[in-house]
There are 2 protein chains.
Amino acid sequence: MKKLAIGIDIGGINTAFGLVDEQGDLFAESVISTRKYPYVEDYPTYVNDLAQAIRALIKSLSFEFTLVGIGIGAPNANIYSGMIEQPANLWKFREEETDRNEQRRLFPLAEDLSKAFGGVKALITNDANAATIGEMVYGNAKGMKDFIMITLGTGLGSGFVANGKMIYGHDGFAGEFGHVIAERDGRVCGCGRKGCLETYVSATGIKRTAFELMSTMPDRSRLREIPFSEFDSAMISAAAEEGDPIARECFRLTGERLGRALADAVTVTSPEAIFLFGGLAKAGKWIFEPTAHYLEENLMFAYKNKVKLLPSGIQGKNAAILGASALIWQEEA
Amino acid sequence: MKKLAIGIDIGGINTAFGLVDEQGDLFAESVISTRKYPYVEDYPTYVNDLAQAIRALIKSLSFEFTLVGIGIGAPNANIYSGMIEQPANLWKFREEETDRNEQRRLFPLAEDLSKAFGGVKALITNDANAATIGEMVYGNAKGMKDFIMITLGTGLGSGFVANGKMIYGHDGFAGEFGHVIAERDGRVCGCGRKGCLETYVSATGIKRTAFELMSTMPDRSRLREIPFSEFDSAMISAAAEEGDPIARECFRLTGERLGRALADAVTVTSPEAIFLFGGLAKAGKWIFEPTAHYLEENLMFAYKNKVKLLPSGIQGKNAAILGASALIWQEEA
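In this report, we go over the structure that sits alongside the text. (Residues numbered from 1 in each chain as written. Chains lettered and ligands numbered in written order. Predicted model: local features only at pLDDT ≥ 70, side-chain atom pairs only at ≥ 80, totals over all residues. Heavy atoms only, no water.)

A cluster of basic side chains, namely Lys 145 and Lys 165 of chain A together with Lys 145 and Lys 165 of chain B, defines a positive patch on the protein surface. Among the secondary structure elements, Lys 165 of chain A is positioned in strand β11 (residues 165–166). (Patch = residues over 30% accessible without salt bridge, like charges linked within 9 Å, V, L, I, M, F, W, Y side chains within 5 Å. Areas by Shrake-Rupley, 256 points an atom, 1.4 Å probe, with all protein chains shown as cover. Salt bridge = Lys/Arg side-chain N within 4 Å of Asp/Glu carboxyl O. Lys, Arg positive; Asp, Glu negative; His and termini not counted. Charge placed at Lys NZ, Arg CZ, Asp CG, Glu CD. Helix = DSSP H or I, 4+ residues; strand = E, 2+ residues; numbered from the N terminus.)

Okay, the pattern of salt bridges next. Residues and elements named next belong to chain A. Under the counting rule described, the total for this entry stands at 22 salt bridges over all chains. Between Glu 41 and Arg 94 there is a salt bridge; the shortest N-O distance is 2.5 Å. Note that Glu 41 is positioned in the loop between β3 (26–33) and α1 (43–60) and Arg 94 in the loop between β6 (83–85) and β7 (106–107), a separation of 53 residues in sequence. Measuring nitrogen to oxygen at the nearest pair gives 2.7 Å for the salt bridge that ties Glu 242 to Arg 222. One end of the pair, Glu 242, is in the loop between α5 (233–241) and α6 (245–269); the other, Arg 222, is in the loop between α4 (203–216) and α5, with 20 residues separating them in the sequence.

Our focus in this paragraph is the side chain of Lys 207 of chain B. Residues and elements named next belong to chain B. Locating Lys 207 in the fold gives a position in helix α4 (residues 203–216). For the buried residue Lys 207, which engages in no salt bridge, the nearest side chain bearing the opposite charge is Asp 232, 8.4 Å off. In terms of polar contacts, Lys 207 uses its side chain to reach the backbone carbonyl oxygen of Phe 228, at 2.9 Å. Contact partners of Lys 207, with chain neighbours within four places excluded, come to Phe 228, Phe 231 and Ile 236. (Buried < 20%, exposed > 50% of the residue type's maximum accessible area, 1.4 Å probe, protein only. Polar contact = N/O pair within 3.5 Å; in protein donor to acceptor, adjacent residues only side chain to side chain. Contact = heavy atoms within 4.5 Å.)

Least-squares fitting of chain B to chain A yields an RMSD of 0.1 Å, with the superposition described by an axial translation of 0.0 Å and a rotation of 180°. Here the two chains are linked by the operation of a two-fold rotation axis. The residues that chain B uses at the interface reappear at the interface of chain A in 100% of cases, marking a shared surface. (Least-squares fit on C-alpha atoms with pLDDT ≥ 70 in both.)

Residue and element names in this part refer to chain B. Here strand β12 (residues 273–277) lies mainly inside the structure; 5 of its 5 residues are buried. Alternating residues of β12 divide into Ala 273, Phe 275 and Phe 277 and Ile 274 and Leu 276, and every residue in both groups is buried. Relative to β12, strand β9 (residues 147–152) is paired through 5 bridges, and the arrangement is parallel. The residue bridging Ile 150 from the neighbouring strand is Leu 276, located in β12. In this structure, β12 lies alongside strand β13 (residues 308–311), joined through 4 bridges in parallel fashion. Directly across from Ile 274, in β13, lies its bridge partner Leu 309. (Pairing = 2+ DSSP bridges.)

Residues and elements named next belong to chain A. Taken as a whole and assessed by the stated rule, the structure comprises 24 aromatic pairs over all chains. With a centroid separation of 5.8 Å and an interplanar angle of 70°, the aromatic rings of Phe 160 and Phe 177 are classed as edge-to-face. Here the residue Phe 160 occupies a position in strand β10 (residues 156–162), and Phe 177 occupies one in the loop between β11 and α4, the gap between them amounting to 17 residues. The class of Phe 160 is buried, set by a relative accessible area of 1%. Judged by relative accessible area, Phe 177 falls into the buried class, the value being 3%. Three or more aromatic residues link up through ring pairs in this structure, and these residues are Tyr 37, Tyr 43, Tyr 46, Trp 91 and Phe 107. Between Lys 207 and the ring centre of Phe 228, over which it is positioned, the NZ or CZ distance is 4.2 Å. (Phe/Tyr/Trp six-rings, centres within 6.5 Å; stacked < 30°, edge-to-face > 60°. Lys NZ or Arg CZ within 6 Å of the ring centre and 35° of its normal.)

All names here are of chain B. For helix α3 (residues 127–138), which comprises 12 residues, the first-to-last C-alpha distance of 16 Å matches the rise-based estimate of 16 Å (1.5 Å per residue) to within 8%. Across the 12 residues of α3, 11 count as buried, placing the element largely inside the fold. Three or more residues of α3 are buried, namely Ala 128, Asn 129, Ala 130, Ala 131, Thr 132, Ile 133, Gly 134, Glu 135, Met 136, Val 137 and Tyr 138. The N-capping residue of α3, defined by a side-chain oxygen 3.0 Å from the backbone nitrogen of Ala 128, is Asn 126. (Expected span 1.5 Å × (residues − 1).)

Residue and element names in this part refer to chain B. The terminal C-alpha atoms of helix α1 (residues 43–60), which comprises 18 residues, lie 26 Å apart, in line with the 26 Å expected from a rise of 1.5 Å per residue. Where α1 is concerned, the buried positions are Tyr 43, Tyr 46, Val 47, Leu 50, Ala 51, Ala 53, Ile 54 and Leu 57. In a view along the axis of α1, the buried residues occupy a sector of 165°, so they form one face of it. Among the exposed residues of α1, those pointing more than 90 degrees away from its buried face are Asn 48, Gln 52 and Lys 59. Where α1 is buried, its residues meet β1 (2–10), β2 (14–20), β3 (26–33), β7 (106–107) and α2 (109–116). (Arc of directions from axis to C-beta.)

Moving on, we come to the interface of chain B and chain A. Contact residues are listed per partner, giving 37 residues for chain B and 37 residues for chain A. In total, about 3300 Å² of surface goes out of reach between chain B and chain A, with carbon and sulfur atoms giving 54% of it. For the interface between chain B and chain A, the tally reads 2 salt bridges. Put simply, Asp 171 of chain A and Lys 306 of chain B hold a salt bridge, and the shortest N to O gap is 2.8 Å. Applying the counting criterion to the chain B and chain A interface returns 22 residue pairs in polar contact (both at pLDDT 80 or more). (Buried area = accessible area lost by both parts, 1.4 Å probe.)

Structure representation (structure tokens):
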């Protein structure tokens, strides 16, 4: 009988899920709102509604299959505990309760979903790690034992693979490369510190850079017509295509910061390749060229001309659902 | 019958070797000169002489044993190829030949020693990796699956262990943490770049810091009596003990740079512990206290109060020979 895994991608707004086979073919997919369940006490209902929606999706299939497991990608998820731990944007305390002990916001989603599906194996990890495993199982990192995945979304996520295995670290929280310090005493980061790489290199980071450059460069730019609140990183790509000097400098600087940081990362794991994934990676040559240039320029001689900078092979193909389901296929292999 | 492994530590001046059992007990040790064999064409003689000296050491033992393998720690050694590749201070071309293609300075020492001992298993890696495996097999990292080893000698070496395995990278050259950039456009490094961590944090680095501080601080200091050429890092520890303000600032700055760099490294592998090993680690609290302070201060919240900074457990116990032999015991386990 055909074997399928459920892949679930939990975002702050929606939860997308689908049924995926070992080759990465997606047989059915659907979505429920995450935002409809904003508070701690909504979590049990969320789990119930999600399980029900998955059951409905399963029934919609016209063939029989064996369910081998449930893989989940979610912010602040820990593969060891199976929990989502203190997520910034999920299942919060109501305002009047915000000084409650944060330690108690632990959501054992892997266990809860496993129970809902007769004890099937369920694994959860953060979204960047899920994308990394997706790249390894279905994407351009197939067969690679040592690589780095950089996911460029609102923030910068990362996954490091060494010896063919995901590095989770002793506590499950390895791979937070968005929080290496790119500029000492630099931009304020959501993590409470300053100068983290993701404040420069991410959809949000490049937008901040655009506004910094509008303040420091005298050049004319169509970007000056757009208010901060309506600005997104795709507008910078579009402007760069048209030769806008601020947009081009914006990508050069972003690539410089990313390239430098990656040159440091290479000294740790000496990867065969580094993959760029996510919204900002769609800017194509505008982000790849300066990143590759500054990566190479900053590499120690032992690594020069050895590290490939590549686009993700799962980009666009429901990558988050695939990545989550790959957690299960990786275990099955 | 008792099983023993040969551990060999190749330095620029001497080659030390010994017979070690699985518990890390050293049954016999000896040494030959490395410096006596300075040129490419001396390498075959070096291998012969080393093999002969090892045979003599084996004969000196009063009991029979099974030789399970030969582990070698050496600069620029690559575990995958079994070679010492373009070493800066070993088996050079004679002066008149220096523009010969550097690619040809490859010394297949693992294979050569294996042949000399009837085809027994032989493994080679760089000295910092060997110390790391020594820490894992015999030292304070026993049972840890995720840790970082920092070796503070003339330079700064490192070894990263994740999922219980040494990270060698795709090419065998992972773990060059001495060459992350600590200060953009900072001190000139032997690797040809600027601002590498080891130009600040190593026996040589702290000495450079002492001389920088003598130029910038007005304070009286006994360090001002010692010329650069006679200066060593132990003098800074001794002065710090006596309250010397330049020596104390020297350690604070060194700990700050190391602590900051390690906080970045933690985002990659999230280790249970970081070990400090080597000459500068002997400075004890003078190096451990500021490093621990700045590590903790710079960690992202998810890692705070979780990462132990610990002394090596093999320090002083012929660590380099033990580490090299551990390459074999790790494989046997």
